[in-house]
Amino acid sequence: MLESRPVRAPLVRTLMLQCGEIWPYPAPSYLLRELSIVSQATPERIVIATRESRLALWQAEHIKARLEGLYPGCNVELLGMTTRGDQILDRPLAKVGGKGLFVKELETALLDGRADIAVHSMKDVPMVMGDEFVLPCITEREVPLDAFVSNRYDSLADMPPGAVVGTSSLRRESQIHAQYPFLAVTSLRGNLDTRLRKLDEGQYDAIILAAAGLTRLGLGERIRSVMPAEVSLPAAGQGALGIECLAARPDVIAWLQPLVDADTAACVLAERAVARALAGSCEVPLGAYAVIRGGQLWLRGFVARPDGSEIVRAEREGAPADADALGRALAEDLRAQGAEAILADIG
């Protein structure tokens, strides 16, 4: 690992605070010039902190291969670790601390110098990060929608009253309750293979998973149908991979810039701005989903009661360069339409 130049770190942190936690879209030319000054050398060694689930390791290996392609002389290594989120499997995440359980140990490895970067599924990254950390790279998104997985039925609409649907997400649960109140929705925890095993054992009639994870692990054949956003609006950041590092490592930030997908970064920035403004966490049934169409960023969001008895929806469209502002504006729209009362009751 090369030493960073501390004199540049305050500038990097200031820019990140101005543009949100995610690298600005599009990156201003003066910032790129600054980074080129900071990091003239090719990295010799990069250590990636990762969870040890099969999906997390796939994601880390994917980024490892991308970095090795960019820097053929660089030794890229994985540092696998188990997080508290991986260990607590008998309770819903909303009851044991939320998404931060999946990243704390990885961030500790960044702080103590054991790792240079950490690779995350963006939907698992807390909406508020410590000042020490930044997300300078969001890579190209996989399919961001939810997947309906069942051995018996083709979709939620095909399921009979009383059929059991498993999900780990209050976001998914609230949308199912609202549209299919005759179905039973129960908690589903564990890694991807564990969840599929529970389905195959007959514990559930169907389960809802992120399509991206199934696709990445070559399990696309298990998907009976991909759920349209109108049926199940995705979580903020779903399907996107983010790379985290210390704000005091502008050298690392520079190395990662060739991996950035600007459209995905803009969409994820807008989605996370919605969730952050609404105190989004595992305890709040909240969805936010953006796409680029015709050069514009189209952003949709909702807040719901867990039982689906009330759902507030809104949407906005604007320039991708205004992604953060669009997200904050949409959050205010939701509050004005009734989300404030829902959030107060849940809180």
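Residues numbered from 1 in each chain as written. Predicted model: local features only at pLDDT ≥ 70, side-chain atom pairs only at ≥ 80, totals over all residues. Heavy atoms only, no water.

Caption draft 1: Local environment of the overall build of the chain. Looking only at helices and strands, one finds 11 helices and 13 strands in the chain. Within the chain, the fraction of its 347 residues that count as buried is 55%. Restricting to contacts in the chain with at least 6 residues of sequence separation, those with at least 24 account for 71%. (Helix = DSSP H or I, 4+ residues; strand = E, 2+ residues; numbered from the N terminus. Buried < 20%, exposed > 50% of the residue type's maximum accessible area, 1.4 Å probe, protein only. Contact = heavy atoms within 4.5 Å.)

Caption draft 2: A look at the side chain of Thr-264. Following the sequence through the fold, Thr-264 ends up in helix 10 (residues 262-277). On the basis of relative accessible area, Thr-264 is assigned to the buried category, the value being 6%.

Caption draft 3: Looking closely at the sheet that holds strand 13 (residues 311-318). Here we have three strands laid out as an open sheet, ordered 11-12-13, and antiparallel in their pairing. The sheet is open, and its two borders are formed by strand 11 (286-293) and strand 13, each paired with just one other strand. Across this sheet, the average inter-strand angle for adjacent strands is 10°, counted without regard to direction. Of the pairings in the sheet, the one linking strand 12 (residues 296-304) to strand 13 comprises eight bridges and is antiparallel in character. Paired with Arg-300 across the two strands is Glu-315, which belongs to strand 13. Together, strand 11, strand 12 and strand 13 form the strand contacts of helix 6 (residues 170-179), whose direction differs from that of strand 12 by roughly 75°. On the sheet, helix 10 packs against strand 11 and strand 12 and is oriented at approximately 150° with respect to strand 11. (Pairing = 2+ DSSP bridges. Axes fitted to C-alpha atoms, helices over the stretch in contact; angles between N-to-C directions.)

Caption draft 4: The arrangement of the nonpolar core in detail. One finds Val-274, Leu-278, Leu-297, Leu-299, Val-303 and Leu-334 to be the most contacted residues of the largest nonpolar core, which totals 26 residues. For this core, the secondary-structure elements that each account for two or more residues are helix 10, strand 11, strand 12, strand 13 and helix 11 (323-346). The greatest single-element share of this core, amounting to eight residues, is contributed by helix 11. Not counting the four nearest positions on each side in its chain, Val-303 is found in contact with Leu-278, Pro-285, Leu-286, Glu-310, Ile-311, Val-312, Leu-334, Ala-339, Ile-342 and Leu-343. (Core = buried A, V, L, I, M, F, W, Y, C linked by side-chain atoms within 4.5 Å.)

Caption draft 5: Structural detail: the sheet that holds strand 5 (residues 146-149). One open sheet holds the five strands; their spatial order is 7-6-8-5-9, and the pairing between them is mixed. Whereas interior strands pair on both sides, the edge strands pair on one side only; in this sheet they are strand 7 (184-187) and strand 9 (225-227). Ignoring strand direction, the axes of neighbouring strands in this sheet form an average angle of 30°. Summarising the sheet, strand 6 (residues 164-167) and strand 7 pair through four bridges and their orientation is parallel. The residue of strand 7 that forms the bridge with Val-164 is Ala-184. Contacting strand 5, strand 6, strand 7 and strand 8 (206-210), helix 6 crosses the sheet at an angle of about 130° to strand 8. Across the sheet, helix 7 (residues 192-200) is in contact with strand 5 and strand 8; its angle to strand 8 comes to roughly 165°.

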